[in-house]
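Single-letter residue listing:
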Amino acid sequence: MIAERQESSEGLTIRPDDSGHSNAREKTEGTGSVGTEKLTPELTDFIIRWRDKPGNLIMVLHRIQETYRYIPRAIAFQVADLLRVPLARIYGVITFYHFFRLKRPGRHLISVCMGTACYLRGAEDLIQELETLLGTGLNTVTEDGEFSVEAVRCLGCCGLAPVLTVDGQVYGRMTKEHLADILAKYGGQSLSAK
Amino acid sequence: MAFKKFVLVCGGEGCGSDLGTNLCDAFRREIRDRGADQDTQVVRTGCFGFCRKGPVVKILPDETLYVNVKPDDAAEIVFEHVLRGRPVTRLRYDQEESRRLTRLEGSAFYHKQFRIVLRNCGYIDPESIDDYIARDGYAALEKVLFEMKPQDVIAELRESGLRGRGGAGFPTWRKWVFTKEVPSDEKYIICNADEGDPGAYMDRSTLEGDPHSVLEAMAIAGRTVGARQGYIYIRAEYPLAIKRLEIAITQAREYGLLGRDILGSGFDFDIELRLGAGAFVCGEETALIASIEGKRGMPIPRPPFPAVRGLWGKPTVINNVETLANIPVIMLRGGKWFGSIGTATSKGTKVFALTGKVVNSGLIEVPMGTTLREIIFDIGGGIKGGKKFKAAQTGGPSGGLIPAAYLDTPIDYESLGALGSIMGSGGLIVMDEDDCIVDVNKFYLEFTVDESCGKCAPCRVGGRSMFNLLTKITKGQGTDEDVDQLRIIGHALQKASLCGLGQTAPNPVLSALRHFPEEYIAHIRDKKCPASKCLDLVTYYILPEKCIGCTLCARHCPVNCISGERRKIHVIDAARCIKCGECYRVCKFEAVSRG
Amino acid sequence: MGRLTRDDLKKMREAKIAERHPSPSVIPAAQVVVGMSSCGVAAGAQEAFDAFAAELAANRMDHVKLQRTGCIGLCFSEPTVEVAAPGLPTVVYGRVNSEIARRIVREHLIGGQLLDDHIYDKPAADLWNAPSGERKE
């Protein structure tokens, strides 16, 4: 049944619209393949438990991203099926909210806070330095798949500005000089030496 | 050895480190010479705030605060106060000042801060419902359930003068009355904890420190308007707050303080969490509702207001975290008590996340009517590194910039509105001479443009146009007409946008044009950025009279565009310079200049 | 404890209040309260908490109550810790890493001295003790 659904949905392959407003373009993988991920039994149970609650979609997507760190395309198809909502609606919700990702992030995810306090205290310099150290820009993954860097809105640790997190661990009162050491902690020596 | 008295000498940055050390030495000498060092300890502390009146000295356990203390005063304080127990009145902080502020009869605080919302943060274990109950927790709900009718609750709220703390400042009692008076089989209470203002964390701190206060208030709201279900809409980016709320909800259900037949009163009320997913527009009530319904968070035109037609078409009260956290205290102490704090139109306190270029950034709660100067210079300890204050922004991307001339304005909803800003949710960002007003305007507009949902054209197109104009100006390509354009588009946005996001998006720019026109003029006519922030308008050069040829700058330049031999004057090749500022930063002789 | 009635809640509150404000003849136990909101944790509050626990255990000081709490508000000095000990004024320490935590146990709780350079002023008075026309007590 899922397979059928996939085929029928291929016809309405989702492409970022050209209105230029949505950030769909950078989020989508741009490939036609659906992927092979299967919902785990726990996730299936979770979705079924939430199925009859109104307003369930966002809660379900959160749970999925918690598991996979992004929303894999194949999983979105299965969610559409289980929740009995059109895939387009799921895609619409994913692309509307900044929190959801359509692309698998690097093994270690670095989030640089770009809240006002961090911005004023030099968050941009941190992003630039990370770009130099990792050789790749915002919202992309390093060639070896180890790191990706994203800018986030506000981590709410303004007293420690500027702040970044690596895999959820918060590093406050950052300067450019700290970054190579932090990357090294996550196995990024070779990169920082470059 | 057991000390009985303690002399705490402030050694904070604001007083200057030498001054603090000298003062500390003076007290230590004096205590020793007087033979009091067996039972009195002199302690050097971190910054105590009050830097305008610094250095300060506090005597414990008496809790006496001395201000503007000089080393020469040590002898008198030690002899009179420490030895003989007679406070030195000429140096003692005048407590009348804070009494005037809070207008609390009999108050003996020297603190500028007064915590109602954050009353339990720092006292209770947030994961223990027993701790909350020990500090009058759920006593307000009990009172509402057994001793008050819904109209009594409304009357108390009305007398308190409580207004919404999420931004616009709508009277809370009115919202409740609207919902109460609509007949409906289902009604809902929503707590807006989608704190979207970048640089603000009041709600996160409240929920992490005292989650039960919000649950209790929501149950009171439910009882008053006739709702049985509440939702807390919280940012997914706040995992600890979510965890503590989940624990709190479980505990409250176990104790029968949520769920069926609360405390045997026959009243049913329960609360569920709904996670936001990073959309600033969801701070707008109708967008928030769409998001809880599992949809894209796009606002819809009002009326009908959510109070009448909200979640799933049912009457819905939406209050933010801070508003709700005030309510149990109002119910217990009375609207009259609450109304005695603050200014004529704005009652109670306001929590601010004080951040940016301030020495002591912190989460603070002050009575309405406190001035920005008191917040930034007394509580915040002034500007970092002794730099000059330039502006403060309240209200985040929806607020405006307030210049130094208005530092003494008592803060309330009306006074901030008159300055072209808004109270907002409580972000308070301090900027110094190194911050460029145009650049900050651009930062905020980039945010609102990115967060615009795109539904209505004024916001979608207007915001983008304003952003493009600002980009042009920061590149040195701006004209005087661009400023007129900014004003025209800005005013159109305020009038024609569908929701608050678009209506307030031009506030930072419009307030800057009003209070900081010279910054725009410098960028447009002189092609200069006074703060040297806009890179296209900055050039780095070496002052020949100061350069000693140490080669430090040349060695640090990442693009090798600085030439010169040892002990010879160096030169920057402006064509190849990437304006990273390394040379400016490393030069020990102030020989690198920019402008 | 299961579901409460109105009376249960009242009794519970009174018992808790009595526990918090023991009679003058009872010497209250020492207490270490660690600010553990997100920023505190980000700045190392958990490490400080663990260091307190370890140092207290090493000195067999089970009578000292170690507790967590929310944000005290002094974000610039996180992690912050409030220390109350019998016979000593209650103070707030800021920038408490594990080393400072161990020193607080040894010098403050055991030695009866306050530490230099780490004390900050508690930013606001306690509402609970604030005057109010409405409170009956």
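Residues numbered from 1 in each chain as written. Chains lettered and ligands numbered in written order. Predicted model: local features only at pLDDT ≥ 70, side-chain atom pairs only at ≥ 80, totals over all residues.

**Here's the deal with the overall build of chain A**
The line we're drawing: Numbering goes from the N terminus for both helices and strands, where a helix is a DSSP run of H or I of at least four residues and a strand is a run of E of at least two. Exposure classification rests on a simple neighbour count of other C-beta atoms within 10 Å of a residue's own: a residue reaching 20 or more is buried, one at 12 or fewer is exposed, and one in between is partly exposed. C-beta atoms are placed from the backbone. Note on contacts: residues are paired as contacts if their backbone-placed C-beta atoms lie within 7 Å.
The helix and strand tally for chain A stands at ten helices and four strands. Mapped from its N terminus to its C terminus, chain A presents α and β elements in the order α-α-α-α-α-α-β-α-α-β-β-β-α-α. Within chain A, buried positions represent 35% of all 194 residues. Partitioning the intrachain contacts of chain A with sequence separation of at least 6 by distance along the chain shows that 65% fall at a separation of at least 24.

**Thoughts on the overall build of chain B**
Put simply, the rule is: Our radius of gyration is a C-alpha quantity, and the globule rule it is checked against amounts to 2.2 Å times the number of residues to the power 0.38.
In terms of regular secondary structure, chain B is built from 23 helices and 18 strands. Taken over C-alpha atoms, the radius of gyration comes to 28 Å for chain B, in line with the 25 Å a tight globule of 595 residues would show. For the C-alpha atoms alone, the extent of chain B along its principal axes is close to 90 × 75 × 40 Å. Residue burial in chain B is summarised as follows: out of 595 residues, 58% are buried.

**Points about unusual backbone geometry**
Of the consecutive residues B:Arg302 and B:Pro303, the connecting peptide bond is found in the cis state with omega at -5 degrees. If you trace the backbone, B:Pro303 turns up in the loop between α11 (285-292) and β9 (316-320). Residue B:Pro304 is bonded to the preceding B:Pro303 through a cis peptide linkage, with omega at 0 degrees. Within the secondary structure layout, B:Pro304 lies in the loop between α11 and β9. A positive phi angle, near 60 degrees, is found at A:Asn139, a position not held by glycine. Within the fold, A:Asn139 resides in the loop between α8 (123-134) and β2 (147-152).

**Considering the interface of chain B and chain A**
The extent of an interface is frequently quoted as the accessible surface area lost upon association of the parts. In plain terms, the rule: Think of it as three bins: nonpolar holds Ala, Val, Leu, Ile, Met, Phe, Trp, Tyr, Cys and Pro, charged holds Asp, Glu, Lys and Arg, and polar takes everything else, Gly as well.
The partner chain A presents 27 residues to the 33 residues of chain B that form the contact. At the level of elements, β8 (270-275), α11, β10 (349-356) and β14 (427-432) of chain B are the ones that each hand at least two residues to the side of chain B that touches chain A. A per-class count over the side of chain B that touches chain A returns 13 nonpolar, eleven polar and nine charged.

**Details of the interface of chain C and chain B**
Worth spelling out the cut-off: In this description, strands pair whenever DSSP reports at least two bridges between them.
With 48 residues of chain C at the interface, the matching set in chain B holds 62 residues. Residue assignment for the side of chain C that touches chain B shows that the elements contributing at least two residues are α1 (6-20), β2 (65-69), β5 (119-120) and β6 (124-125) of chain C. With seven residues, α1(C) is the largest single contributor of residues to the side of chain C that touches chain B. A per-class count over the side of chain C that touches chain B returns 21 nonpolar, 15 polar and twelve charged. Pairing of strand β5 (residues 113-114) of chain B with β6(C) involves two bridges; the strand directions are parallel.

**Description of the sheet that holds strand β2 (residues 40-45) of chain B**
Residues and elements named next belong to chain B. The criterion, for reference: The axes used here are C-alpha line fits, helices contributing only the stretch in contact, and every angle between their N-to-C directions lies in the interval 0 to 180 degrees.
Strands sit in the order β2-β1-β3-β4 across an open sheet of four strands; the sheet is mixed. Each edge of the sheet is formed by a strand with only one pairing partner; in this case those strands are β2 and β4 (64-66). Looking at each pair of strands side by side, their axes are set apart by 20 degrees on average, direction ignored. In terms of strand pairing, strand β1 (residues 5-10) meets β2 through six bridges, oriented parallel. For Cys10, the partnering residue across the bridge sits in β2 and is Thr45.

**Focus on the packing of helix α18 (residues 480-496) of chain B against helix α20 (residues 507-515) of chain B**
Residue and element names in this part refer to chain B. The condition is simple: To sort the angles, those under 35 degrees are grouped as roughly parallel, those over 145 as roughly antiparallel, those from 65 to 115 as roughly perpendicular, and the leftovers as oblique. Handedness of each helix crossing follows the sense of rotation of the near helix against the far helix: counterclockwise by less than a right angle gives left-handed, clockwise gives right-handed.
Following both chains from N to C, one finds α18 and α20 inclined at 135 degrees, their axes separated by 10 Å at the closest point. Comparing the axis directions of α18 and α20 gives the class oblique. Classified by chirality, the crossing of α20 by α18 is left-handed. Seen from α18, the contacting residues are Val483, Leu486, Arg487 and Gly490; seen from α20, they are Val509, Leu510 and Leu513. Residue composition of the contact of α18 with α20, grouped by class: five nonpolar, one polar and one charged.

**Focus: helix α12 (residues 321-333) of chain B**
Among the 13 residues of α12(B), twelve are classified as buried, and the element is accordingly described as predominantly covered. Within the sequence span of α12(B), burial applies to B:Val321, B:Glu322, B:Thr323, B:Leu324, B:Ala325, B:Asn326, B:Ile327, B:Pro328, B:Val329, B:Ile330, B:Met331 and B:Arg333.

**Describing the confidence of the model for chain A**
A low pLDDT means the predicted coordinates there should not be read in detail. All names here are of chain A. Definition in use: pLDDT measures the predictor's confidence residue by residue and takes values from 0 up to 100.
Residues at a pLDDT of 70 or more form 80% of chain A, whose mean pLDDT is 82. Of all helices and strands in chain A, the one with the weakest mean pLDDT is helix α1 (residues 2-10) (39), whereas helix α6 (residues 87-96) scores best (96). Overall, residues 1-26 carries pLDDT values under 50, and its contacts beyond four positions in sequence, including any with other chains, amount to 25 contacts. Segment residues 190-194 is flagged for pLDDT under 50; beyond a separation of four residues in sequence, or across chains, it makes seven contacts in the model.

**Observations regarding the pairing of β8(B)**
All names here are of chain B. Keep this limit in mind: By convention a crossover is right-handed if, when the strands point away from the viewer, the path from the first strand over the helix to the second runs clockwise.
Where strand β7 (residues 229-234) lies against β8, six bridges are found, and the strand directions are parallel. When the sheet's bridge partners are listed, Ile232 is paired in β8 with Leu273. Note on the crossover from β7 through helix α10 (residues 239-254) to β8: the handedness is right-handed.

**Focus on the sheet that holds strand β11 (residues 362-367) of chain B**
Residue and element names in this part refer to chain B. Taken in spatial order, the five strands of this open sheet run β11-β10-β14-β12-β13, and their pairing is mixed. Two strands bound the open sheet, and with one partner strand each, they are β11 and β13 (401-403). The sheet shows a mean angle of 30 degrees between the axes of neighbouring strands, direction not considered. With five bridges connecting them, strand β12 (residues 389-394) and β14 associate as antiparallel partners.

**Focus: the domain arrangement of chain B**
Residue and element names in this part refer to chain B. Filter applied, for reference: Bear in mind that the domain bounds are from an automatic or database domain assignment.
On domain assignment, one finds that chain B holds domain 1 (5-93), domain 2 (129-336), domain 3 (349-432), domain 4 (437-524) and domain 5 (539-594). Just the C-alpha atoms count here: the centres of domain 3 and domain 4 sit 22 Å apart. Facing twelve residues of domain 3, the contacting portion of domain 4 comprises 16 residues. For the side of domain 3 that touches domain 4, the elements supplying multiple residues, two or more each, are β12 and β13. For the side of domain 3 that touches domain 4, the class distribution of residues is six nonpolar, six polar and no charged.

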